[in-house]
Amino acid sequence: MKILLKKVKINDPASTHHLAVKDILIDNGLIQKISKTITNPGEKCRVVDLSPCMVSPGWVDSFADFCDPGFEQNETLETGTHSAIHGGYTRACILPNTQPVIDRKTGVEYIIEKARKLPIHIHPIGAISKNTEGRDLAEMYDMFGSGAVAFSDGRQSLQSPALLIKALQYVKAIDTTLIQLPVDTSIARSGLMHEGIISTKLGLPGIPALAEKIMVERDLELVAYTNSKLHFTGVSLPESIDLIKKAKKAGRQVTCSVTPYHLFFCDEDLQSYDTNLKTSPPLRSRNDMLELRKAVLKGDVDCIASHHQPRNWDEKTKEFEYAKYGMIGLQTCFAAVHSVLPEMPEEQVANLFSLNARKIFNLPSVILEEGNMAELTLYQKEAACTFSENNNFSRSANSPFFNRPLTGCVKGIFAKNKLTIF
């Protein structure tokens, strides 16, 4: 069946139709025609008019935990996929922190095979070290050959500089990227939140900013030594962004992403002891949050990563000290970012949510031109939305965004030759 999208505003800096309001005709997964008005699309054509609506190349999330296999009580590939769809994502790169860990080709093949029937593209991230223990290299070459899109120990930040050097040297031969969560656990181990005035008032042990900064500095030196590719995810400090920015100017192959919750919340929000706000890296100071927003607007950040981390009720409903880290975030990612950065230019939305991640992780490019593959995200910037337990598609409910008014609403996606409209 053909699909005609009426009066959509195209947000694709690489397209000749960028920022123009056009009709888009899709036939058998390809963009057949883009025109100001398409009046005769032919028989058996589904006409969709969501105006005013934006359309961009399909969004990509580069750091999400779908918990499958082993922790299906928190999330499955199916429930994680439905959360991603309602967040506007056509592709999701998922973490290896499963049981068993995705540290060999059989784990990658399990994800690839199970994801074939899912309505979006799921890309497994292979572990850097065996069992993500940070001791010995995992079978990265075999995993890459089976479909791993990148390598990371996920939530287990790789602590050994010797092992990271080996990994960086190893992936040069296959031209792929390592992903690192910048946390020095020897410094952060006893902390529960950002070290500062608020942690002192609350009587909670703090995680100093140094735990992130020293890891970023170390890893940038290793990138300079190996001339390989490294992506920092979950960067929470403006000082870290400055270090990465300088490394880019020096020609280093380094990129970074931030989470929506580090842009939306700060340590002051933890005064209610809401365990849904317990994250790693932790929520930083208000000034750090505001400076991080400025860095995004200036173009110093490459991607927005959801850091979707489902947790069951028992893991979150307990004293702050004992609660697990993380929150779900796929469905609220765009709305959270747009709510605090409504002035963000259209080009940056496309770059942060889609185009940059496709380049960094060697995913198929999508350009909104006639004859090209159609993989699209439809959204309305100014529409109000409210995330609640009633419209939550994750298997878990650990979100601080429930019933919080947000601005920016995803209306649907087109992926794998199927249109999904909400």
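**Student:** Explain the layout of surface pockets to me, please; I cannot follow it from the model alone.
**Tutor:** Where empty space is left becomes clear once a probe the size of a water molecule has been rolled over the atoms. In this model, the largest pocket occupies a volume close to 840 Å³. Forming the walls of the largest pocket are 42 residues, and the residues nearest its centre are Arg-155, Gln-156, Thr-185, Ser-280 and Tyr-325. Every element with two or more residues in the lining of the largest pocket is listed here: helix 5 (185-188) and helix 7 (210-226). Looking at side-chain class alone, the lining of the largest pocket contains 16 nonpolar, 15 polar and eleven charged residues. Taken as a whole, the second largest pocket spans an internal volume of roughly 260 Å³. In terms of lining, the second largest pocket is formed by 15 residues, of which the most central are His-86, Gln-331, Cys-385, Asn-391 and Cys-409. Of all elements in the fold, only helix 12 (333-340), strand 15 (376-386) and strand 16 (405-415) reach the threshold of two or more residues within the lining of the second largest pocket. Looking at the lining of the second largest pocket element by element, the count peaks at four residues for strand 16. Classifying every residue of the lining of the second largest pocket by side-chain character gives nine nonpolar, six polar and no charged.

**Student:** Please explain the packing of aromatic side chains as it appears in this structure.
**Tutor:** Aromatic ring pairs are defined here through the distance separating the ring centres and the angle between the ring planes. All told, the structure shown has ten aromatic pairs when counted by the stated rule. Seen from their ring centres, Trp-59 and Phe-353 are 4.9 Å apart, and the 40° between their planes marks the pair as tilted. Note that Trp-59 is positioned in strand 5 (residues 59-64) and Phe-353 in helix 13 (residues 346-360), a separation of 294 residues in sequence. Of the two residues, Trp-59 and Phe-353, neither departs from the other in class, the shared state being buried. For the pair Phe-265 and Phe-401, a centre-to-centre distance of 5.1 Å together with 50° between the ring planes defines the contact as tilted. Linking Phe-265 in the loop between helix 9 (260-264) and helix 10 (286-297) with Phe-401 in the loop between strand 15 and strand 16, this pair joins segments that are 136 residues apart in sequence.

**Student:** What should I look at first to understand the sheet that holds strand 4 (residues 45-57) in this one?
**Tutor:** Pairing between the strands of a sheet comes from backbone hydrogen bonds, and it takes one of two forms, parallel or antiparallel. Read across the sheet, seven strands follow the order 3-2-1-4-15-16-17 without closing on themselves; strand pairing throughout is mixed. Of all strands in the sheet, those bounded by a partner on one side alone are strand 3 (30-35) and strand 17 (418-421). In this sheet, adjacent strand axes meet at a mean angle of 35° when their direction is disregarded. Across four bridges, the pairing between strand 4 and strand 15 is antiparallel. Note that in strand 15 the partner of Ser-56 across the bridge is Thr-377.

**Student:** When you look at unusual backbone geometry in this model, what are you seeing that I'm missing?
**Tutor:** When glycine is set aside, most residues are seen to have a negative phi, and most peptide bonds are trans. With omega at 5°, the peptide bond leading from Gln-99 into Pro-100 counts as cis. A cis amide bond links Ser-280 with the next residue in sequence, Pro-281, at an omega value of -5°. The residue Pro-281 is located in the loop between helix 9 and helix 10 in this model. Not every positive phi belongs to a glycine, and Lys-416 is a case in point at roughly 50°. Along the chain, Lys-416 turns up in the loop between strand 16 and strand 17.

**Student:** Help me understand empty space enclosed by the protein in this model?
**Tutor:** Taken as a whole and judged by the stated rule, the model has two cavities of 30 Å³ or more. Each pocket or cavity is described by its volume, and for the largest cavity that value is around 40 Å³. If you go around the largest cavity, the residues you meet are Ser-83, His-308, Ile-328, Gly-329, Leu-330, Gln-331, Thr-332, Phe-387, Asn-392 and Ser-394. Along the lines of polarity and charge, the residues of the lining of the largest cavity split into three nonpolar, seven polar and no charged. As a volume, the second largest cavity reaches approximately 30 Å³. For the lining of the second largest cavity, the leading source of residues is helix 12, giving three residues. Here the lining of the second largest cavity is built from residues that sort into six nonpolar, one polar and no charged.

Criteria and cut-off values
- Residues numbered from 1 in each chain as written.
- Predicted model: local features only at pLDDT ≥ 70, side-chain atom pairs only at ≥ 80, totals over all residues.
- Heavy atoms only, no water.
- 1 Å grid on protein atoms, 1.4 Å probe; cavity = no way out; pocket = protein on both sides within 12 Å on 5 of 7 lines; lining within 4 Å.
- Points joined across faces, edges and corners; volume = space filled by probe spheres on them.
- Helix = DSSP H or I, 4+ residues; strand = E, 2+ residues; numbered from the N terminus.
- Nonpolar A, V, L, I, M, F, W, Y, C, P; charged D, E, K, R; others polar.
- Phe/Tyr/Trp six-rings, centres within 6.5 Å; stacked < 30°, edge-to-face > 60°.
- Buried < 20%, exposed > 50% of the residue type's maximum accessible area, 1.4 Å probe, protein only.
- Pairing = 2+ DSSP bridges.
- Axes fitted to C-alpha atoms, helices over the stretch in contact; angles between N-to-C directions.

Such coordinate-based values are descriptive only and should not be taken to indicate function.
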